[in-house]
Structure formats: C-alpha cells, structure tokens
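Listed here are the chains, written in short residue letters.
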Amino acid sequence: MTEAFSPVKSAERTVALLETLAASPHRMTVGEIQRATGYPRSSLHALLRTLRELRWVEADESGTTFGIGPSALLTGTAYLDRYEALPAANRTLEELREKLGRTVHFARREACDVLYLATRESIDRRRGAPRVGRKLPAYATALGQCLLAELTDLEISALLPSPMVALTPATITDPDALVRAVEATRTRGYAVEHEENTPGVVCVAATVSYRIPATDAISCSLPAAAAEEPGVLAAVAEAVVAATTELATTLRREGVR
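The rules behind these values
Residues numbered from 1 in each chain as written. Predicted model: local features only at pLDDT ≥ 70, side-chain atom pairs only at ≥ 80, totals over all residues. Heavy atoms only, no water. Phe/Tyr/Trp six-rings, centres within 6.5 Å; stacked < 30°, edge-to-face > 60°. Buried < 20%, exposed > 50% of the residue type's maximum accessible area, 1.4 Å probe, protein only. Lys NZ or Arg CZ within 6 Å of the ring centre and 35° of its normal. Axes fitted to C-alpha atoms, helices over the stretch in contact; angles between N-to-C directions. Helix = DSSP H or I, 4+ residues; strand = E, 2+ residues; numbered from the N terminus. Parallel < 35°, antiparallel > 145°, perpendicular 65-115°, else oblique. Left-handed = near helix turned anticlockwise from the far one by under 90°. Contact = heavy atoms within 4.5 Å. Nonpolar A, V, L, I, M, F, W, Y, C, P; charged D, E, K, R; others polar.

Draft legend 1. Quick peek at the packing of aromatic side chains. Taken as a whole and judged by the stated rule, the model has 2 aromatic pairs. With a centroid separation of 5.9 Å and an interplanar angle of 35 degrees, the aromatic rings of Tyr 79 and Tyr 83 are classed as tilted. Judged by relative accessible area, which is 35%, Tyr 79 ranks as partly exposed. The exposure class assigned to Tyr 83 is buried, which follows from its relative accessible area of 6%. Within the aromatic cluster, the residues linked to one another by ring pairs are Tyr 79, Tyr 83 and Phe 106. Over the face of the ring belonging to Tyr 39 we find Arg 13, whose NZ or CZ atom lies 5.0 Å from the ring centre. Just above the ring of Tyr 190 sits the side chain of Arg 188; from NZ or CZ to the centre is 5.5 Å.

In structure tokens:
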C-alpha cells in the first residue's frame with residue numbers, strides 16, 4: 001500500500017516562491033510576490049531574507065524588488081552537466097544548424113510542459129531568443145506536440161491544464177483540436193507548429209526515440225514566410241527526422257537511457 005504524500009510546507013513555499021520569481025519578466029516587489037503566492041507578509045519577509053543570504057534571491061540597491069539569484073543558475077547548470085544525452089545532443093544541434101542555417105532546440109517533456117535544454121541560434125540572430133532553462137506549454141510547441149504524440153489520447157487529456165492558455169492568436173486551446181494535431185503528428189512522423197508560441201515563426205520537431213515513450217525532441221524554427229516557399233518545410237522536416245533518428249541510435253549505442 002502506497003503511503004499518502006504530505007509535502008513539507010516550508011519546502012513547498014520556498015519552491016513556489018522561487019518559481020514565481022523565475023516566471024516573472026521583471027523583479028518583483030513584496031506586494032507583487034504576496035499577491036502571486038498568497039503568503040503572509042511576515043513569513044514572506046523571513047523567507048526572502050533567508051534566500052537572499054543563501055544567494056538564491058537577489059534584490060535591487062534599494063532592497064525593495066527581488067529576482068532569482070546566482071545560486072539558482074549554478075543549480076540549473078549542474079542539471080545540464082548531468083543530463084547524459086546532452087553532449088551528443090549538442091553535437092547533433094551543431095550539425096543540424098550548420099546544415100539548415102536555422103535555430104534549433106533540444107528539449108524534454110516535463111508533464112505538460114517542455115523544458116529547453118540546449119539551443120543553437122540561426123545565422124541570422126535577429127530571429128528568436130535563447131530559451132535554455134525555460135519552459136513552455138507542450139500543446140503550444142512543435143517539440144511538445146511530437147512528445148505528446150508518444151502518449152495515448154487519455155494520457156494527454158489527463159495532463160492538459162484547464163484552461164489551455166493562449167500564447168498567440170494561433171495557439172491551440174481546445175483539447176479536441178489538440179488531439180487532431182497530435183494525430184496528424186503521428187501520421188507524419190514529426191510535428192509542425194505554425195506561430196502557436198511565437199508570431200511569425202514556424203517550427204518542425206521530431207522525437208529522439210531512445211526511450212519509450214520518448215522524453216526528448218529536437219526542433220527547427222524558421223520564419224513563417226520561408227516556410228511557405230515550395231519544398232522548404234519538407235526539407236527541414238527531412239533533416240530534423242534524420243538528425244533525431246541518428247541521435248537516438250547514438251544514445252542507445254552508448255547505453256544512455
């Protein structure tokens with residue numbers, strides 16, 4: 001019989017606070033943090049003071065706004081250092097970027113999000129921004145859609161948030177529409193996402209199938225206008241599928257699981 005899990009409240013509050021600061025595009029005041037977390041102001045002050053001392057949180061010169069500190073970066077880097085598939089994935093990204101000249105990403109699925117683990121920028125760096133260490137909803141990315149395609153429709157439904165928040169006007173926010181998109185991905189063998197998380201950008205992604213179900217995937221981003229040119233999208237998809245197939249073979253041969 002499995003023992004019921006009861007989280008330690010102080011640890012739960014610490015993690016939630018750090019995740020709140022990490023998700024904010026700017027440093028937050030105590031009032032903003034309190035509204036986001038619902039924590040009492042007295043315990044929030046004590047928690048912030050402790051995390052500042054440990055360098056998990058840093059403040060501006062006035063000490064009134066707070067953001068993620070350097071210890072968070074060091075911990076995140078340690079995770080990347082220990083992800084066994086990453087060295088081979090980085091080599092694959094280098095080769096794929098060299099071949100296509102476009103931005104490529106390597107990511108893994110975490111529940112109904114995708115966590116970006118590596119990126120190689122396109123030759124034209126004006127397009128896109130590095131995403132290493134960031135999470136996006138799986139339903140809104142080609143990376144996520146191809147990884148969701150590894151699951152059953154019931155498993156996907158159990159993972160989806162309610163509501164499915166739109167990142168752009170093109171984001172799929174209807175579960176039935178997502179099921180149809182995932183089924184198309186299964187049929188093609190790769191996912192195609194049209195401006196669903198970034199306006200003006202189309203992505204193609206395929207799984208790296210060294211695990212069952214696959215947890216990792218590689219994508220290639222290109223301008224929406226370029227994707228409309230004859231043969232471009234098909235050529236990108238062919239290159240991405242070939243790269244992920246070769247990477248999966250390499251990882252299995254090296255015993256990475």
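So much for the structure itself; the text now carries on.
Draft legend 2. Representation of the packing of helix H2 (residues 30–37) against helix H3 (residues 41–53) in the model. Orientation of H2 relative to H3, taken along the N-to-C sense of each, is 115 degrees, at an axis distance of 11 Å. Considered as vectors, H2 and H3 are oriented roughly perpendicular to each other. Note that H2 runs across H3; the crossing there is right-handed. Of the residues in H3, those touching H2 at Val 30, Gly 31, Ile 33 and Gln 34 are Arg 41, Leu 44, His 45 and Leu 48. Each residue belonging to the contact of H2 with H3 can be placed in one class, and the counts come to 4 nonpolar, 3 polar and 1 charged.

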